[in-house]
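Understanding the architecture of this molecule
So you can see what is in the structure, the chains are spelled out below.
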Amino acid sequence: MSLGIRDKHQGAKAVYTTCRCNCGGNESCVLKAWVKDDKVIAVEPDDRYNRNVGREDSVMSEQDLIKNRLQRRPCVMGMAFHKYIYHPDRILYPLKRAPGTERGEGKFVRISWDEALDTIASEMNRARKEYGPYSILTPYINETADFLFSCWGAGVVGWGQCSYDAQRLMAHVVAGAKGFVMSEYYSGSAADMLANAKNIVLWGWDPTVAHQGPAHQFAWFVKLARERGKKVIVIDPRFSCAARTLADQWIPIKPGTDHSMYMAMAHVLFQEHLWDKEFVAKFVEPIGFEKWRSYVLGIEDGVKKDPEWAEVRCAVPAETIRELARLVGTERPSWLWSHWSVARKSDGEHMSGAFAALQAMLGYWGTPGAGPAFGTGPWRPIPIGSRGLMSGGEHEYKVPQLYRSHDWAEAVLLLDKVRSGELSGKEYMRTVGWKADPSILKDFNPKVLFWGGHAKPHATDHVSINCSSSNRQVEAMKKMEFIFTMHSIHNSTNLYADIILPARDWMWEEKGVTKSQYGGFESINYCPEVVPPPGETKAWAWVYIKIGQRLGIDTKKLFSYYSTDENWEKDWERCQKDMYQRAVVYYLKQGVTVPPWEEFIQGKFINCDEHEEKPHTGWDAQIKEGKPFRTESKKIEIYSNYIADENKRGKGEHYDWSGRLYDNLPADWGDMTPLPTYRAIPRGMDDELTRKYPLFLLTSHSRYRVHSLFWEHAWLRDHVYQHRVWINAADAKARGIKNNDMIMVFNEQGKVVMPAYVTRRMMPGTVLMHSGGKVIHDQSGIDFGASPSTLLGGETKSCKASARATSLVEIERYEGDVK
Ligand code: SF4
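Predicted, not measured: the structure shown is a model, and the values here were computed from it. (Residues numbered from 1 in each chain as written. Predicted model: local features only at pLDDT ≥ 70, side-chain atom pairs only at ≥ 80, totals over all residues. Heavy atoms only, no water.)

Before going further, it helps to spend a moment on the side chain of threonine 617. Summarising the element assignment, threonine 617 is placed in the loop between strand E18 (606–607) and helix H25 (620–624). Since its relative accessible area comes to 4%, threonine 617 is described here as buried. Only 3.0 Å separates the side chain of threonine 617 from the side chain of aspartate 620, close enough to count as a polar contact. Side chain to side chain, threonine 617 and lysine 624 meet in a polar contact 3.4 Å long. Excluding residues that lie within four positions of it along the chain, threonine 617 makes contacts with Tyr186, Ser187, Asp192, Gly366, Thr367, Pro368 and Lys624. (Helix = DSSP H or I, 4+ residues; strand = E, 2+ residues; numbered from the N terminus. Buried < 20%, exposed > 50% of the residue type's maximum accessible area, 1.4 Å probe, protein only. Polar contact = N/O pair within 3.5 Å; in protein donor to acceptor, adjacent residues only side chain to side chain. Contact = heavy atoms within 4.5 Å.)

All right, on to the domain arrangement of the chain then. Here the domain parsing of the chain yields domain 1 (5–86), domain 2 (185–378 + 620–639) and domain 3 (688–813). Each of domain 1 and domain 2 has a C-alpha centre, and these two points are 34 Å apart. Contacts between the two partners involve 19 residues from domain 1 and, on the opposite side, 16 residues from domain 2. Carbon and sulfur atoms make up 61% of the area that domain 1 and domain 2 hide from each other, which totals about 1,300 Å². Viewed at the interface, domain 2 and domain 1 are joined by two salt bridges. (Domains from an automatic or database assignment. Buried area = accessible area lost by both parts, 1.4 Å probe. Salt bridge = Lys/Arg side-chain N within 4 Å of Asp/Glu carboxyl O.)

Right, let's get into the packing of aromatic side chains. Enumeration over the complete set of coordinates arrives at 51 aromatic pairs. The structure contains a cluster of three or more aromatic residues connected by ring pairs, namely Phe149, Phe450, Phe484, Trp540 and Tyr544. The ring of tyrosine 93 is capped by arginine 110, whose NZ or CZ atom sits 3.5 Å from the centre of that ring. Note that lysine 305 overlies the ring of tyrosine 295, its terminal NZ or CZ placed 4.0 Å from the centroid. (Phe/Tyr/Trp six-rings, centres within 6.5 Å; stacked < 30°, edge-to-face > 60°. Lys NZ or Arg CZ within 6 Å of the ring centre and 35° of its normal.)

One finds Met124, Trp408, Tyr428, Trp434 and Phe444 to be the most contacted residues of the largest nonpolar core, which totals 97 residues. With eight residues, the single largest contributor to this core is helix H23 (residues 568–589). When near neighbours in sequence (up to four residues on either side) are disregarded, tryptophan 408 contacts Leu137, Pro139, Tyr403, Leu449, Trp451, Asn466, Gln473, Ala476 and Met477. Within the second largest apolar cluster, 75 residues are counted, among which are Ile251, Met261, Ala310 and Tyr662. (Core = buried A, V, L, I, M, F, W, Y, C linked by side-chain atoms within 4.5 Å.)

The next thing to look at is the sheet that holds strand E17 (residues 523–528). Here we have three strands laid out as an open sheet, ordered E16-E17-E18, and antiparallel in their pairing. Two strands close off the open sheet at either side, each with one partner strand: strand E16 (511–515) and E18. Pairing between E16 and E17: five bridges, direction antiparallel. When the sheet's bridge partners are listed, valine 513 is paired in E17 with tyrosine 526. In the packing of H23 onto the sheet, the strands contacted are E16, E17 and E18, and the crossing angle to E16 comes to about 25 degrees. (Pairing = 2+ DSSP bridges. Axes fitted to C-alpha atoms, helices over the stretch in contact; angles between N-to-C directions.)

Attention now moves to unusual backbone geometry. A cis amide bond links arginine 332 with the next residue in sequence, proline 333, at an omega value of -5 degrees. Tracing the backbone through its elements, the reader meets proline 333 in the loop between helix H14 (318–330) and strand E11 (334–338). Phi at arginine 683 takes a positive value of approximately 55 degrees, unusual for a residue other than glycine. One can find arginine 683 in the loop between helix H26 (641–644) and strand E19 (695–698). For arginine 683, a relative accessible area of 7% gives the class buried. Phi angles above zero are rare outside glycine, and phenylalanine 710 is one such case at about 85 degrees. Checked against the element boundaries, phenylalanine 710 lands in the loop between E19 and strand E20 (725–728).

A few words now on helix H5 (residues 143–152). Within H5, eight of the ten residues are buried, which leaves the element mostly enclosed by the surrounding structure. Buried within H5 are the following residues: Thr144, Ala145, Phe147, Leu148, Phe149, Ser150, Cys151 and Trp152. The elements touched by buried residues of H5 are helix H4 (113–131), strand E6 (136–138), strand E7 (156–159), strand E13 (448–450), helix H21 (540–550) and helix H22 (555–558). Glycine 153, located one to two residues past H5, shows a positive phi value of around 90 degrees.

Turning our eyes to something else, we now look at the state of the cysteines. Evaluated as defined, the whole model comprises zero disulfides. Unpaired in this structure, cysteine 608 has its nearest cysteine sulfur neighbour in cysteine 29, at a distance of 15 Å. Among the residues examined, cysteine 608 registers a relative accessible area of 0% and is labelled buried. (Disulfide = S-S within 2.5 Å.)

Ordered in space as E5-E4-E15-E14-E13-E6-E7-E12, the eight strands form an open sheet in which the pairing is mixed. The open sheet has two edge strands, strand E5 (108–110) and strand E12 (401–404), and neither has a second partner. On average, each strand axis in the sheet is tilted by 25 degrees relative to the strand beside it, whichever way the strands run. As judged from the three bridges shared by E7 and E12, these two strands associate in the parallel manner.

In structure tokens, the structure reads:
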């Protein structure tokens, strides 16, 4: 007799934990997991506020909303995640490539932890001895590996991430705010928007799909704002879910041309005297502002950047641009948010710089209800520390950052051309986003690939998700003498590894203090190790320490809490407790008592918004308290004297006037100009290359994947999510393609095969593949998993700060076999 649902749940225990996916809701969402016999048998959403209330605003006061006294509800991925930890593809033991097999065949045999770690350490030592210190590389930015390498005295790392580095760079260039110190400049709280905005412009963002804060809560706040009569405008090349369900107006725009529209809006503000002269006089450096004014009005070059000029470029009618400029200039404050996607393409730096200039003209920097000048947030400086790991001070070896992280494969493959004299060192360094001292180039000799996860082991499959060609990455991996990876589940990158290490899932199987960011729903929560780790999986931090020990590094340097292997769990918990204690002390100084550790680990938490008087806005120190911006002029610098100085180009790392490193500025910034300017972007819709590849590829996130994570998840496939390329009906008809036809999408970077979704929701000339396809190559190199990364890469001219998540492609019917 089968058990009923009540019987199945008899004796189950509820445990609160935090979803730690690498999405914009990262560490925001709270799950109530039901655990029985050391297994998660069911999951419910957070219920620590407003239990059993469907629509929480029906019982919440205005203050409740502003203070975020609401559930941190997860999205469908969070709700399905527990099934993934029991997936058949879960990696449970250390593995090595089966003897006699080639990389990519995917045949592995089980080995012991000792053999795996000894092999990794000995290969690293061997490479260092035979090829020198610059022969071991970790492609993606990896702070933990960086620290390990700095203690060891060898190794190189990449720089930059794929999310919003253009904004990070420009926050430093324009406002003197270090790109990774988000608390300096981040605005963008949903509560601020709800309380203070007059109208809302979502530019390049669909909050019903991509998260800022817990799951779809930001979208819910937009909905609440709309119900209060605020106008919502969505600007997007596709008729997105947000355009359909949240917007009063949808403005389709040609992707990659957004900065022409910002400039045209600036033109209207100048012409109609709608700009905030007082703000500009007080906070903006005047010489640079005059250059911007001259550029926008066409005083020097004779080209007015007016709405008619912009219409030709961005395909938004001049009158629509004019009306939008008038709206945001008069119905103040307008909550104007140009999101990450806008700048995730060539010349993203110009898009970010032009938007910051527009926001300054509107006087919106730091204005409640006005949206962020850069990126997103907020991100309060509550000190919980860097998980207590790898934090042991200065070291003699400064790990060189030799390439833009997603261009690591180019850095490997193009070296041969440099050595043969086919490519100059200068050209090479510009192409790969070289950031270090050029003299290192002669000794750069990549042989060992240290993938190593970074801190989110389950969220990384670089071959499938990098903003560069997956084929080039595979080619580069084949040139390596040794590769190791660490992950919780098999993926496309692992196929090329010599050793695979099994990682614990850090949300379900590790203890950890978490602090959410983005969207203004900040809270500090605890992951309690909901279930015991399966097989021989290990914590990522333990793995780094064990490798470090074998390399001869003092363990205390790597992790000061370490005592013995037997005590690992206790040492780790002590570290977590101290991290939490820092937050306790921070709040005590403000006269606020937060739950003690013992209650915190049982599910009580800190709702950061509860303890603030008002929703967070950025730039308070400068705008409200009158402190100077940390630029040379002490003001907002729309024109960069640094970028204008050709003597600074190509020499290595760049430091601002006060000696602080520009984290996201390569040695050679390509053809980036000191003032944000407009041109038809490389690999954009007006590029020459459209003659060959006429369709502009967008790679937005899907509702059912965090990058490629959950590709295999039975609950998130098939009838739930179909991985298809979206194509406009006219473009499909011109190619004889019907809905659900199998098609090939291709360019010079690669080929993918997938079904077509023929729709009028895409602008003509644009197509969309959701990120999250997993690279599955056949013998000829066609990707049948249809990862967008297979089609990315190939642009070399512009500054390397912005990730290139778009490309140009052509599409045709596919008549071959489907693997
Ligand atoms: S939005 Fe979804 S995937 Fe992201 S943290 Fe929340 S539950 Fe996890």
